[in-house]
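# Fold and geometry: a report
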Amino acid sequence: SQYSAVDTNPLSVYIMQPVWNKIIKIVPLWIAPNLLTFSGFVMILFNYFLISFYDWDYTASGSSPGLVPTWVWLFSAFTTFCAYALDSIDGKHARRTQSSSPLGELFDHGLDSWATSIFVLSFFSVCSRDNGKTGVSVYTMYIYLSIVLFNFMCSHWEKYNTGVLFLPWGYDISQVVLIAAYLLTSAVGVEVWQKPLLLGYYITDILVILLIGFSLFLSFPQTLYNIHRAHLKKTLKNDSLYEGLLPLVSPLLLFVLLTVWVVLSPSNILAKQPRLFLWMVGVAFSNVICKVIICQMSGTQPELFHWFLFPLALVVYGAISGLLGWMEEAVLAVFTALVTAAHVHYGVCVGRQLSEHLNIYIFSLKKCVQE
């Protein structure tokens, strides 16, 4: 299917696009667009592991002065900007080199679905978890992450039904806010997050309020409106309500299972291992959404239950029933490793299949030679 996207965000249209149009001129024409996409993703990953090294349990910024060196925050701002730039120019570069393909579209959105959670998890290190005085509780982190992922899911669910990807306004704004947050932290230290800013509210409170406001009053209503408009114009991709709602079943069940684990865990798993648990949430979500993106691109129906829900249900049952007992943390660690490996394996397989099918290399503009 032909890729079509609509971007109406003033920040993107008037400020960022002119910047990207200048940057793109520097990119050599022999570089494959997927290489740009992938480089950005690798930078985000590297930055995430760097922050994790200094702040495994999200407590470093709560201790004054912070335990994370200033250069790490500067590096975070730099990598976030680079990833944002690379993600914004890869499509332009593909059109410039006349190498746009379904593989590129899937590669871009698939990596975005994973990067979305990694951005959020890196940001949590800036404001630190609740230590009784300042910081954000691990439950707020979980809700915050879930809302961001819900927004991402909505835009792709909308594309599944309308055939058009309306780029969410939140994307550009969130990237600019992230970069600003890292620069602010490197300039004045983590203390800025530990003092009330307005009327007794902390910066983090204000960001959470803005995020929830954006999602519930802007993003989600816009999605429903766009689908409704396509319905009136008779341009909907799916005839029945069942088919239209099908892609939402697995992500919502995933959220329900994870939330049950968070709330009913005997050892309070989220508080014990926030980094592992939230990473697992992000990877699982990305895998479920990649399936939806592939179905939307190929015009096929997603299965009702994603395979991943079954092992997850077993683990959650084992945990909340007390069967796992003291092994709950170890099981989470093993489960997280397996899910991550499965997701990477899935990505590699789909990439290879598409590259063979379309007769193109993933990271090179040379055409494959037909046997």
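Please read all numbers here as calculations on a predicted model, not as lab measurements. (Residues numbered from 1 in each chain as written. Predicted model: local features only at pLDDT ≥ 70, side-chain atom pairs only at ≥ 80, totals over all residues. Heavy atoms only, no water.)

Let's shift gears to the pattern of salt bridges. In total, this model carries three salt bridges according to the counting rule given. Between K159 and E105 there is a salt bridge whose closest N-O contact spans 2.8 Å. Note that K159 is positioned in helix α5 (residues 138-162) and E105 in helix α4 (residues 102-127), a separation of 54 residues in sequence. For K159, a relative accessible area of 2% corresponds to the buried category. The exposure class assigned to E105 is buried, which follows from its relative accessible area of 9%. (Salt bridge = Lys/Arg side-chain N within 4 Å of Asp/Glu carboxyl O. Helix = DSSP H or I, 4+ residues; strand = E, 2+ residues; numbered from the N terminus. Buried < 20%, exposed > 50% of the residue type's maximum accessible area, 1.4 Å probe, protein only.)

Below, the discussion takes up the UniProt feature "transmembrane region" (unreviewed entry) in the protein. Under the feature "transmembrane region" (unreviewed entry), the UniProt entry names residues 26-50, 70-86, 136-154, 199-220, 241-264, 276-294, 306-324 and 330-348. Within the segment residues 199-220, helix and strand shares are 82% and 0% respectively, and the terminal C-alpha atoms sit 29 Å apart. The distance from the first to the last C-alpha atom of residues 306-324 is 24 Å, and the span holds 63% helix and 0% strand. (UniProt positions renumbered as here; feature names shortened; annotations may be inferred.)

Looking now at the packing of aromatic side chains. Summed over the entire model, instances satisfying the criterion amount to 27 aromatic pairs. Ring centres 5.9 Å apart and planes at 45 degrees place the aromatic pair F49 and W279 in the tilted group. Here the residue F49 occupies a position in helix α2 (residues 33-54), and W279 occupies one in helix α10 (residues 274-298), the gap between them amounting to 230 residues. Since its relative accessible area comes to 46%, F49 is described here as partly exposed. Looking at W279, the relative accessible area reads 10%, which means it is buried. For the pair F124 and Y144, a centre-to-centre distance of 5.7 Å together with 65 degrees between the ring planes defines the contact as edge-to-face. Here Y144 lies in helix α5 and F124 lies in helix α4, a separation of 20 residues in the sequence. (Phe/Tyr/Trp six-rings, centres within 6.5 Å; stacked < 30°, edge-to-face > 60°.)

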